[in-house]
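One letter stands for each residue in the lines below.
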Amino acid sequence: MPRLFGNHSLPENTVKADKKACEKIGPLGMGRRALYLNSFYISRMYYTVWTDIRRVYKMVAMSKGGFTGIGAFGSMSYLVVELRDGRTKRCQIKYENQVDEALAWIAKHHPEIPTQSEQARKKLQEAEAVEKARYKKELTENDRKNIRILEEAERYLEQNPALYRELTFRSGRLRRQQSMGTGRKAVGIILLAGSILLLAAGIPLFMAKNPYAVYMILAGGSFLVYSMMSNLVPIGRNSPKRLRQEWNDAVAASEEYISKAGSFPVPARYAHPIVLKRMIRVIREGRAESTDQALEVVKEDLKALNRSVRVSQQEYDEVVAIKAMFLVSDYQ
């Protein structure tokens, strides 16, 4: 039974039924009556009725250089729930795309709940004003035609968001594996080997009632969980071959979907609404006269972003969502 986080509780039977029927997004649950939140270890351990929520938003910690998200040292994402009484709860979510998916669900089903912090809202308004100031005063007929093509493509992708979210997720996992240095991989392998040795030695000793066996088993189990959860070991689900195949499968699914739309302005591997939005901006700024040129400008913009470049939260969110697609595709 989930614990209450908020001021208004629900009958136990109602909570159980609502939790069972909720839409699960990672460790979170989107119910009809309540939002289900995770603790550090347990999924959907708390519930908050929707009317108790003032706002809900994403927070990213250790985001400096977070475009790579390497191993245990990448960015950590949180879903922050702010109640009407001022209390807040931060829920750490391993995969940032799950936070974005949860916020998109809330924005669609509960538009009365803001999905940005007050500070982020103000910064976004300022960034939008600066962006619009860069736009051309007059668009040509060709500009309007290209923008219309891109907007139609964007609406088409939004009809099946699971496909472009899969592109983001799979490219991110593949890129993290590609970016991981030999030293990090060695650390992961050593931790894995050490944990197996501790468990292999500790279990027989435990059967023999050795007093130190419990400590060996606990240490071995901890190292095993850490080495697997931190994605440091390039085997199993993190093997390069498997990650590449998962990325190829995501691209193939995207290709099949956009082929039904006829002509499409971007290749399947870049079929993401954020790519199209950035292309529209490029055309509005007068930096391209065709969709092909706009895509090339977007590529150059992304290439220019590295660890030393300071960006806004909006820019960070966009880059996290799409840059890995370009990196694993070598910007082709």
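Residue positions are given per chain, counted from 1 along the sequence in the order it is written. In keeping with the predicted nature of the model, local features appear solely for residues at pLDDT of at least 70, side-chain atom pairs appear and are counted solely at 80 or more, and the whole-chain, interface and lining totals rest on all residues. Computation of side-chain values covers all heavy atoms of the structure but excludes hydrogens and water.

Chemist: With reference to specific residues and values, describe the nonpolar core.
Modeler: We call a set of buried residues a nonpolar core when its members are Ala, Val, Leu, Ile, Met, Phe, Trp, Tyr or Cys and they connect through side-chain atoms within 4.5 Å of each other. Think of it in three bands: with a 1.4 Å probe and only protein chains considered, a residue is buried below 20% of the maximum accessible area for its type, exposed above 50%, and partly exposed in between. Grouped together as the largest cluster of nonpolar side chains are 41 residues, with contacts concentrated most on Leu-157, Phe-264, Val-266, Met-279, Leu-302, Ile-322 and Phe-326. For this core, the secondary structure elements donating two or more residues are helix H4 (141-158), helix H5 (161-179), helix H8 (240-259), helix H9 (273-284), helix H10 (291-304) and helix H11 (313-328). Strands are runs of DSSP state E lasting at least 2 residues, helices are runs of H or I lasting at least 4, and numbering of each runs from the N terminus. Among the elements that take part in this core, H9 stands out by supplying 7 residues, more than any other. Core analysis: the second largest hydrophobic core is formed by 22 residues, Met-30, Leu-79, Leu-83 and Ile-113 among them.

Chemist: An account of the packing of H4 against H9 is needed here, citing residue identities and associated values.
Modeler: Any two packed helices are characterised by how steeply their axes cross, that is the angle between the axes, and by the distance between the axes. Axes, fitted as lines to C-alpha atoms, cover a helix only where it is in contact. Angles between the N-to-C directions of the axes lie from 0 to 180 degrees. Their axes nearest at 9 Å, the elements H4 and H9 cross at an angle of 165 degrees. If you check the angle between H4 and H9, you find them roughly antiparallel. In this structure, H4 crosses over H9, and the sense of that crossing is left-handed. Between H4 and H9, the contacting residues are Asp-143, Asn-146, Ile-147, Leu-150, Glu-151, Ala-153, Glu-154, Leu-157 and Glu-158 on the first element and Pro-273, Leu-276, Lys-277, Met-279, Ile-280, Ile-283 and Arg-284 on the second. By residue class, the composition of the contact of H4 with H9 is 9 nonpolar, 1 polar and 6 charged. By definition in this entry, angles of less than 35 degrees are roughly parallel, angles greater than 145 are roughly antiparallel, angles of 65 to 115 are roughly perpendicular, and the rest are oblique. Each crossing is labelled by how the near helix is turned from the far one, with a counterclockwise turn of less than a right angle marking it left-handed and a clockwise turn marking it right-handed. Should any heavy atoms of two residues lie within 4.5 Å, those residues are considered in contact. Residues are grouped as follows: Ala, Val, Leu, Ile, Met, Phe, Trp, Tyr, Cys and Pro are nonpolar; Asp, Glu, Lys and Arg are charged; all remaining types, including Gly, are polar.

Chemist: Break down the sheet that holds strand E1 (residues 3-4) for me, citing the residues and quoting the values.
Modeler: Note on pairing: two strands pair once DSSP finds at least 2 bridges between them. Read across the sheet, 5 strands follow the order E1-E5-E4-E3-E2 without closing on themselves; strand pairing throughout is mixed. Taken across any chain shown, the strands that pair with only one partner, and hence form the sheet edges, are E1 and strand E2 (23-25). Direction of pairing for strand E4 (residues 34-37) relative to strand E5 (residues 46-49): antiparallel, over a ladder of 4 bridges. Looking at the pairing, Ala-34 lines up with Val-49 of E5. In the packing of helix H1 (residues 12-21) onto the sheet, the strands contacted are E2, E4 and E5, and the crossing angle to E4 comes to about 75 degrees. Packed onto the sheet, helix H2 (residues 96-109) meets E2 and strand E3 (28-30) and runs at close to 145 degrees relative to E2.

Chemist: Break down the side chain of Ser-39 for me, with residues and values.
Modeler: Within the secondary structure, Ser-39 sits in the loop between E4 and E5. Setting aside residues up to four positions removed in sequence, Ser-39 forms contacts with Met-45 and Tyr-46.

Chemist: Please set out the pattern of salt bridges residue by residue, giving values where relevant.
Modeler: Only one rule defines a salt bridge in this text: a Lys or Arg side-chain nitrogen within 4 Å of an Asp or Glu carboxyl oxygen. Across all of its chains, the model carries 20 salt bridges by this definition. The partner of Arg-165 in a salt bridge is Glu-101, with the nearest N and O atoms 3.8 Å apart. Taken together, the residues Arg-165 in helix H5 and Glu-101 in helix H2 connect sequence positions 64 residues apart. Residue Arg-165 is classed as partly exposed on the basis of its relative accessible area of 24%. Ionic pairing is found between Glu-318 and Arg-281, a salt bridge with its closest N-O pair at 2.4 Å. Separated by 37 residues along the polypeptide, Glu-318 in helix H11 and Arg-281 in helix H9 bring together distant segments of the chain. Accessibility expressed as a relative area gives 6% for Glu-318, which makes it buried.

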